[in-house]
Amino acid sequence: MKLVVAYIRHEAFEPIRTELLELGFPSLTIIEVKGSGRQKGITEQYRGSAVTNYLRPKIKIECVVADSDVQTIVDSILKHARTGSIGDGKVFVIPVEQAYRIRTGESGEETLQIHPDAAAAAT
């Protein structure tokens, strides 16, 4: 199992969420974050003074998937998040040793089953 973590622009989130839902991956954790990187700060005028904001808003997506599904998730993120500009974000793939479903006590990849009817259930 792997944890896919992506830091993306806000406008890239909805197309990614929609595609992952259609592919049967509805289980995502979304966190609004701020960070800095190559994009550096953006200088704006505020009350007549130049103000530089070095922390840019991003969305952090987390998704634990079976090893065989990692490339599907990463491909979807790259397809929808890439604009070619500095600040598009990053994707990390991290190993996960074990997973447990609290409700049933299931463990391992059983807890990660993809949901082929997820898109229909969400509408």
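Coordinates for the structure precede this section.
Here we summarise the structure given alongside this text.

The rules behind the values
- Residues numbered from 1 in each chain as written.
- Predicted model: local features only at pLDDT ≥ 70, side-chain atom pairs only at ≥ 80, totals over all residues.
- Heavy atoms only, no water.
- Salt bridge = Lys/Arg side-chain N within 4 Å of Asp/Glu carboxyl O.
- Helix = DSSP H or I, 4+ residues; strand = E, 2+ residues; numbered from the N terminus.
- Buried < 20%, exposed > 50% of the residue type's maximum accessible area, 1.4 Å probe, protein only.
- Pairing = 2+ DSSP bridges.
- Axes fitted to C-alpha atoms, helices over the stretch in contact; angles between N-to-C directions.
- Contact = heavy atoms within 4.5 Å.
- Left-handed = near helix turned anticlockwise from the far one by under 90°.
- Polar contact = N/O pair within 3.5 Å; in protein donor to acceptor, adjacent residues only side chain to side chain.

Let's shift gears to the pattern of salt bridges. With the rule as written, the count across this model stands at five salt bridges. The partner of Glu19 in a salt bridge is Lys79, and the shortest N-O contact between them spans 2.8 Å. Of this pair, Glu19 sits in helix 1 (residues 10-22) while Lys79 sits in helix 2 (residues 70-81), and the two are 60 residues apart along the sequence. The shortest N-O distance in the salt bridge between Glu106 and Arg101 comes to 2.4 Å. Glu106 sits in the partly exposed class, given a relative accessible area of 25%.

Turning our attention to helix 1. Looking only at helix 1, the buried set comprises Ala12, Phe13, Ile16, Glu19, Leu20 and Leu21. Residue Gly24 follows helix 1 closely and has a positive phi angle near 95°.

What follows concerns the sheet that holds strand 2 (residues 29-35). Here four strands make up an open sheet; going across it, the order is 2-5-1-6 and the pairing antiparallel. Since the sheet does not close on itself, it has two edges, and those belong to strand 2 and strand 6 (89-95), each with one partner. Neighbour-to-neighbour, the strand axes of this sheet turn through a mean angle of 20°, independent of strand direction. Judged from the seven bridges that link them, strand 1 (residues 2-8) and strand 6 form a sheet pairing that is antiparallel. Note on strand 6: the bridge partner recorded for Ala6 is Val91. Strands in contact with helix 2 are strand 1, strand 5 (56-65) and strand 6; relative to strand 1, the strand with the most contacts, it is inclined by about 5°.

Moving on, we get to the pairing of strand 3 (residues 42-46). Sparse coverage of strand 3 is indicated by the burial of zero of its five residues. Pairing between strand 3 and strand 4 (residues 49-53): five bridges, direction antiparallel. Residue pairing for strand 4: Thr43 is matched across the bridge by Thr52. Here strand 3 folds back onto strand 4, and the loop between the two strands holds two residues, one of which, Arg47, carries a positive phi near 55°.

Our next topic: the packing of helix 1 against helix 2. Interhelical geometry of helix 1 versus helix 2 gives an angle of 145° and a closest axis separation of 9 Å. Pair helix 1 / helix 2 crosses with right-handed handedness. In this structure, helix 1 uses Ala12, Pro15, Ile16, Glu19 and Leu20 to contact helix 2, whose residues at the interface are Ile73, Ser76, Ile77, Lys79, His80 and Ala81.

This part is about the environment of Arg9. Note that Arg9 resides in the loop between strand 1 and helix 1. Note on Arg9: relative accessible area 17%, which makes it buried. As for Arg9 and Phe25, which are separated by 16 residues in sequence, their C-alpha atoms are 20 Å apart. What Arg9 contacts, discounting residues up to four positions off in sequence, is Gln39, Lys58, Thr83, Ser85, Ile86, Gly87 and Asp88. Only 2.8 Å separates the side chain of Arg9 from the backbone oxygen of Ile86, close enough to count as a polar contact. Polar side-chain contacts of Arg9 include one of 3.1 Å to the side chain of Asp88.

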